[in-house]
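# Fold and contact review
The lines below spell out each chain.
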Amino acid sequence: MEALLKSMHNTSPKANSHEMWWGTLGTVRPFPNFNSEKDAREIQTALESKASDVNTLVRILTNRNNAQRQSIAESYHNLTQKELCPALKKALSGGLEQLMLGLMMTPSQFDAHRLRQSMEGIGTDEESLLAVLCTKSPQQLKDATIAYKQEFGRYLENDLISETSKDFTKLVLAILKKEELNSKEMVDYQLIDQDVKALNDAVNGKKKDPVPWIQVLTTRDSNHLNRVLSRLEDLRGETVDKTVQSHFSGDLRLGFRTLVGSIPSIPLFLAQRLHSNIKKGSLVQGILISHSEEDLLCVRIEYRKLTNISLYSTLQKEYKGEMQQALLALCRSEDL
């Protein structure tokens with residue numbers, strides 16, 4: 001299993017449709033013998049019980065994949081003439097409400113909401129904003145951009161411009177619109193040399209130039225960039241992270257650090273993020289929901305290697321009650 005996961009580490013997330021992304025390395029799979037009408041009736045009964053049967057709501061909705069949850073919502077509406085999400089909102093509260101409503105969104109809607117949340121209120125949460133942008137494929141970002149307009153009646157690009165400034169604005173917009181322009185059919189050694197030189201020259205002069213860094217890091221695929229960054233480290237005799245910290249500052253430095261941190265392995269980047277923020281319920285929920293049908297198995301393996309304890313055991317220790325039940329269902333199983 002671990003060998004399979006290693007071979008998949010550097011693959012970008014695939015977008016098979018605008019509804020959902022399905023990968024073999026997800027933890028949440030289609031529920032066998034699925035019956036949306038039966039599930040909708042059970043959910044109706046759970047919601048109408050005196051104290052709301054939260055256990056049943058969690059058991060059903062965390063054990064169905066996204067497409068099946070959308071079918072349940074449709075069946076619930078046909079059965080009750082009411083929308084499911086407002087009923088869940090009324091029955092639940094706090095972090096569990098947030099988690100269950102997140103599960104009922106399509107992947108692109110969920111990404112859009114995470115991006116909006118990072119920009120709402122006083123000040124932008126640049127770290128959360130970057131964590132979403134840097135772990136999504138170009139197609140997923142296009143889908144999220146469309147969903148953002150549909151959900152909020154606002155243009156994502158305009159909000160990013162208003163919430164960021166200067167070169168950091170250029171970076172986040174370049175990530176949002178990233179296109180992998182290099183050829184993936186063969187290793188282009190000439191382009192690797194050219195990119196290494198551009199990155200090195202940009203930080204060698206008195207005035208540091210972020211433009212080549214933005215251009216290279218947002219227009220190449222991860223396999224090419226891994227070779228470029230490895231060569232750059234050999235040339236400079238220091239990690240790329242150290243180069244970034246030494247030559248850039250502020251939000252731009254955070255942006256470059258996040259980008260170069262996610263390029264070698266998105267699952268490892270997410271495992272590190274979980275490890276550093278395991279008590280932050282909304283962050284944990286965001287990663288588990290967003291990656292549960294895509295590559296959460298990879299994240300689990302990286303988390304186990306990083307911490308010597310499984311993600312499942314960590315969640316068991318840090319969370320209680322129905323929230324624990326929901327998170328463990330998404331994580332799915334122990335890694336020994």
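Under an unreviewed UniProt entry, the name given to the protein chain is Annexin, and the source organism is Oncorhynchus tshawytscha. Of the comments in the UniProt record for the protein chain, the one headed Sequence similarities (unreviewed entry) reads "Belongs to the annexin family."

Here we come to the packing of aromatic side chains. If you walk through the whole model with that rule in mind, you get four aromatic pairs. Residues Trp213 and Phe248 carry aromatic rings whose centres are separated by 5.7 Å and whose planes lie at 70 degrees to one another, so their mutual orientation is edge-to-face. With Trp213 in helix α13 (residues 211–217) and Phe248 in the loop between α15 (240–247) and α16 (250–262), the pair connects residues that are 35 residues apart, well separated along the chain. Lying over the aromatic face of Phe31, Arg64 brings its terminal NZ or CZ to 3.7 Å of the ring centre. Lys149 extends its terminal NZ or CZ atom over the ring of Tyr155, reaching a point 5.0 Å from the ring centre.

Positionally, Ser118 belongs in helix α7 (residues 107–119). On the basis of relative accessible area, Ser118 is assigned to the buried category, the value being 3%.

What follows covers the environment of Leu336. Inspection of the secondary structure assignment puts Leu336 in the segment after α21 (321–331). Sequence separation between Leu336 and Asn308 is 28 residues, and the spatial gap between their C-alpha atoms is 9.6 Å.

We now examine unusual backbone geometry. With glycine set apart, most residues show a phi of negative sign, and most peptide bonds adopt trans. Although it is not a glycine, Gln81 sits at a positive phi angle of roughly 60 degrees. Summarising the element assignment, Gln81 is placed in the loop between α4 (66–80) and α5 (84–91). Unlike most non-glycine residues, Arg332 shows phi in positive territory, near 90 degrees. Along the chain, Arg332 falls in the segment after α21.

Looking now at the packing of α7 against helix α18 (residues 281–291). Two elements in contact, α7 and α18, have axes separated by 10 Å at closest approach and are oriented at 155 degrees. By the angle between their directions, the pair α7 and α18 is classed as roughly antiparallel. Judged by the sense of rotation from one axis to the other, the crossing of α7 with α18 is left-handed. Note on element contacts: α18 touches α7 through Gln285, Gly286, Ile287, Ile289 and Ser290, opposite Phe110, Asp111 and Arg114. When the residues that make up the contact of α7 with α18 are grouped by side-chain class, the tally is three nonpolar, three polar and two charged.

With 49 residues, the main nonpolar core has Ile43, Leu84, Leu88, Met100, Leu288 and Leu315 as its most contacted residues. If you tally residues by element for this core, the top one is α21, at six residues. Setting aside residues up to four positions removed in sequence, Leu84 forms contacts with Ile43, Leu47, Ile72, Ala73, Tyr76 and Met104. Residues Leu133, Phe168, Ile192 and Val228 belong to the second largest nonpolar core, which totals 42 residues.

Applying the stated criterion across every chain yields a total of 19 salt bridges. Taking the shortest distance from any N to any O, the salt bridge between Arg273 and Glu127 comes out at 2.9 Å. In this pair, Arg273 sits in helix α17 (residues 266–276) while Glu127 sits in helix α8 (residues 126–133), placing the two residues 146 residues apart along the sequence. The shortest N-O distance in the salt bridge between Asp195 and Arg220 comes to 2.8 Å. With Asp195 in helix α12 (residues 189–202) and Arg220 in the loop between α13 and α14 (222–236), this residue pair connects regions lying 25 residues apart in the sequence. The same class applies to Asp195 as to Arg220, namely buried. In the salt-bridge network here, residues are joined through shared partners; they are Arg116, Glu120, Arg154 and Asp159.

End to end, α16 covers 19 Å across 13 residues, agreeing with the expected 18 Å (1.5 Å per residue, within 8%). For α16, every residue scored as buried is listed here: Leu252, Gly255, Phe256, Thr258, Leu259, Val260 and Ser262. Contacts from the buried residues of α16 go to α8, α11 (166–176), α13, α14, α15 and α17.

With six of its eight residues buried, helix α3 (residues 54–61) lies for the most part within the structure. All buried positions along α3 are accounted for by Val54, Thr56, Leu57, Val58, Ile60 and Leu61. For α3, the elements touching its buried residues are α2 (36–48), α4, α5, α6 (94–103) and α21.

Here we come to the packing of α17 against helix α19 (residues 296–307). Their axes nearest at 8 Å, the elements α17 and α19 cross at an angle of 60 degrees. Comparing their axes, α19 and α17 come out oblique. The element α17 and its partner α19 pack so that their crossing is right-handed. Where α17 abuts α19, its residues Pro267, Leu268, Leu270, Ala271, Gln272, Leu274 and His275 lie against Cys298, Val299, Glu302, Tyr303, Leu306 and Thr307.

Rules and cut-offs
- Residues numbered from 1 in each chain as written.
- Predicted model: local features only at pLDDT ≥ 70, side-chain atom pairs only at ≥ 80, totals over all residues.
- Heavy atoms only, no water.
- UniProt positions renumbered as here; feature names shortened; annotations may be inferred.
- Phe/Tyr/Trp six-rings, centres within 6.5 Å; stacked < 30°, edge-to-face > 60°.
- Helix = DSSP H or I, 4+ residues; strand = E, 2+ residues; numbered from the N terminus.
- Lys NZ or Arg CZ within 6 Å of the ring centre and 35° of its normal.
- Buried < 20%, exposed > 50% of the residue type's maximum accessible area, 1.4 Å probe, protein only.
- Axes fitted to C-alpha atoms, helices over the stretch in contact; angles between N-to-C directions.
- Parallel < 35°, antiparallel > 145°, perpendicular 65-115°, else oblique.
- Left-handed = near helix turned anticlockwise from the far one by under 90°.
- Contact = heavy atoms within 4.5 Å.
- Nonpolar A, V, L, I, M, F, W, Y, C, P; charged D, E, K, R; others polar.
- Core = buried A, V, L, I, M, F, W, Y, C linked by side-chain atoms within 4.5 Å.
- Salt bridge = Lys/Arg side-chain N within 4 Å of Asp/Glu carboxyl O.
- Expected span 1.5 Å × (residues − 1).

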